[in-house]
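Residue-level structural notes
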Amino acid sequence: MKGEGRREKGSYVKLDAPRALLVGLLAMLAFNAPAQTYPQKPIRIIVPYPPGGPSDMQSRLVGAELTKAWGQVSVIDNRGGGGGIIGTELAAHADADGYTLILMSATNAVQPGLYPKLPYDLMRDFAFITSVTSGPGILVVNPTLPLHSVAELIAYAKARPGNVFFGSAGNGAPSHLAVELLKAMAKIDAVHVPYKGMAPALTDVIGGQLQFSIPTIAAGLPLSRGGKLRALAVTGAKRSPAEPALPTIAESGVPGYQASNWYGLAAPAKTPRALVVKLNQEFSRIMAQPEVREKLLNVGMEPATSTPEQFTEFVQAEIAKWTRVVKSAGIKAD
């Protein structure tokens, strides 16, 4: 045919310019077709934890904004249980049509190290849309102790190996692993006391049964400001706008230390790329709104959006990091 190359063995047909343009246009239309009519029904956001926590609050905040923008109801589906595994498995096996999303958290990145036989593979079974927020933990101590810096806490623990106690929300919880990372990097020996939730752990730090803990900044900062605890540092890579005078642990004598409580959105793995891109753009717009940012900062979380590729790489790095910590500390799931 005039204008085309003849197919030879090991070669390909060369299209003329008009036909190549048509093929490219059709491919672009096919890519964008799902996004042009989306959404046509309610969008479900699975939260793999009970109502009332930070993940629930954030999902309801962004869900309400999504409803306002698209005119379709965003349904928050709390599926607590199994340390987040039950809800995550439900999302992994949902229809990949863009109508089921999941709000993931730092806990999801810990699961592969804690549970060798998960009913899903995080990197295989999900399409990562965007990170949503990130917030540090806060290192707090009993205020009657003569400790006013991370360096003093480290020296205190080194002088009393095996006789310094810290509390967490449970084995493998972010509040546990943040301390295990500090122990490994600062080379200190402190005894872990797991609780069923952060509140009773902090009660015992206040009461003097424990020496320190690393709760979320939302949980620990009000107690510090009220004088019931003393805050020494935050665990993030940078200082928190919620309490900018507090240094990071990294700048307090443990260079390279970083542990954040992060949240992000994902969908089942085969969700069309066009829908992932559309969702990424919409959530980025939502998180940039001043009123949304203010509400999040009030609970110690900072908006932290990303591209799908950046979020994918971040989750992969977090899995590798916390798997090393879990194995090094010999942590077992309850």
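Remember, predicted model here, so these are calculated numbers, not experimental data. (Residues numbered from 1 in each chain as written. Predicted model: local features only at pLDDT ≥ 70, side-chain atom pairs only at ≥ 80, totals over all residues. Heavy atoms only, no water.)

Concerning the sheet that holds strand 3 (residues 100-105)
Read across the sheet, six strands follow the order 2-1-3-10-4-11 without closing on themselves; strand pairing throughout is mixed. The open sheet has two free edges, formed respectively by strand 2 (74-78) and strand 11 (302-303), since each of these has just one partner strand. Note that strand 1 (residues 43-47) and strand 2 share five bridges and pair parallel. Its bridge partner being in strand 2, Arg44 is matched across the sheet by Val75. Most of the contacts of helix 2 (residues 54-70) go to strand 2, to which it runs at about 160 degrees, and overall it touches strand 1, strand 2, strand 3, strand 4 (126-136) and strand 10 (260-268). (Pairing = 2+ DSSP bridges. Helix = DSSP H or I, 4+ residues; strand = E, 2+ residues; numbered from the N terminus. Contact = heavy atoms within 4.5 Å. Axes fitted to C-alpha atoms, helices over the stretch in contact; angles between N-to-C directions.)

Quick word on the nonpolar core
Phe126, Phe212 and Tyr257 are the most contacted members of the largest nonpolar core, which totals 51 residues. Other than its neighbours up to four places away in sequence, Phe212 contacts Leu139, Val140, Val141, Leu153, Val164, Phe165, Phe166, Gly167, Val179, Ala190 and Val205. In this structure, Tyr38, Ile45, Leu61 and Leu103 belong to the second largest nonpolar core, which totals 29 residues. (Core = buried A, V, L, I, M, F, W, Y, C linked by side-chain atoms within 4.5 Å. Buried < 20%, exposed > 50% of the residue type's maximum accessible area, 1.4 Å probe, protein only.)

A look at the packing of helix 2 against helix 11 (residues 290-297)
Packing of helix 2 against helix 11 leaves a shortest axis separation of 11 Å and a crossing angle of 170 degrees. The angle between helix 2 and helix 11 falls in the class roughly antiparallel. Contacts between helix 2 and helix 11 involve Met57, Gln58, Leu61 and Glu65 from the first element and Val292, Lys295 and Leu296 from the second. Of the residues that constitute the contact of helix 2 with helix 11, the class distribution is four nonpolar, one polar and two charged. (Parallel < 35°, antiparallel > 145°, perpendicular 65-115°, else oblique. Nonpolar A, V, L, I, M, F, W, Y, C, P; charged D, E, K, R; others polar.)

Digging into helix 6 (residues 150-158)
Note that an α-helix has 3.6 residues per turn; residues three or four places apart therefore point the same way. By the burial criterion, the buried members of helix 6 are Val150, Leu153, Ile154, Tyr156 and Ala157. Projection of helix 6 onto a plane perpendicular to its axis shows the buried side chains occupying an angular sector of 160 degrees, all on one side. (Arc of directions from axis to C-beta.)

Here we look at unusual backbone geometry
In this structure, Pro39 follows Tyr38 across a cis peptide bond, with omega equal to 0 degrees. On the secondary structure map, Pro39 appears in the loop between helix 1 (17-37) and strand 1. In this structure, Lys187 takes a positive phi of about 60 degrees despite not being glycine. Structurally, Lys187 is set in the loop between helix 7 (174-186) and strand 7 (191-194). Here Lys187 falls in the exposed class, since its relative accessible area comes to 67%.

Some words on the sheet that holds strand 8 (residues 212-213)
Strand pairing in a sheet relies on backbone hydrogen bonds. The paired strands run either parallel or antiparallel. Within the open sheet, the five strands sit side by side as 7-6-8-5-9. Their pairing is mixed. At either end of the open sheet lies a strand with only one pairing partner, and these are strand 7 and strand 9 (230-234). Bridge analysis of strand 5 (residues 138-141) against strand 9 gives four bridges, and the strand direction is antiparallel. Residue pairing in the sheet places Val140 in a bridge with Ala231 of strand 9. Running over the sheet, helix 6 touches strand 5, strand 8 and strand 9 and is turned about 105 degrees from strand 9.

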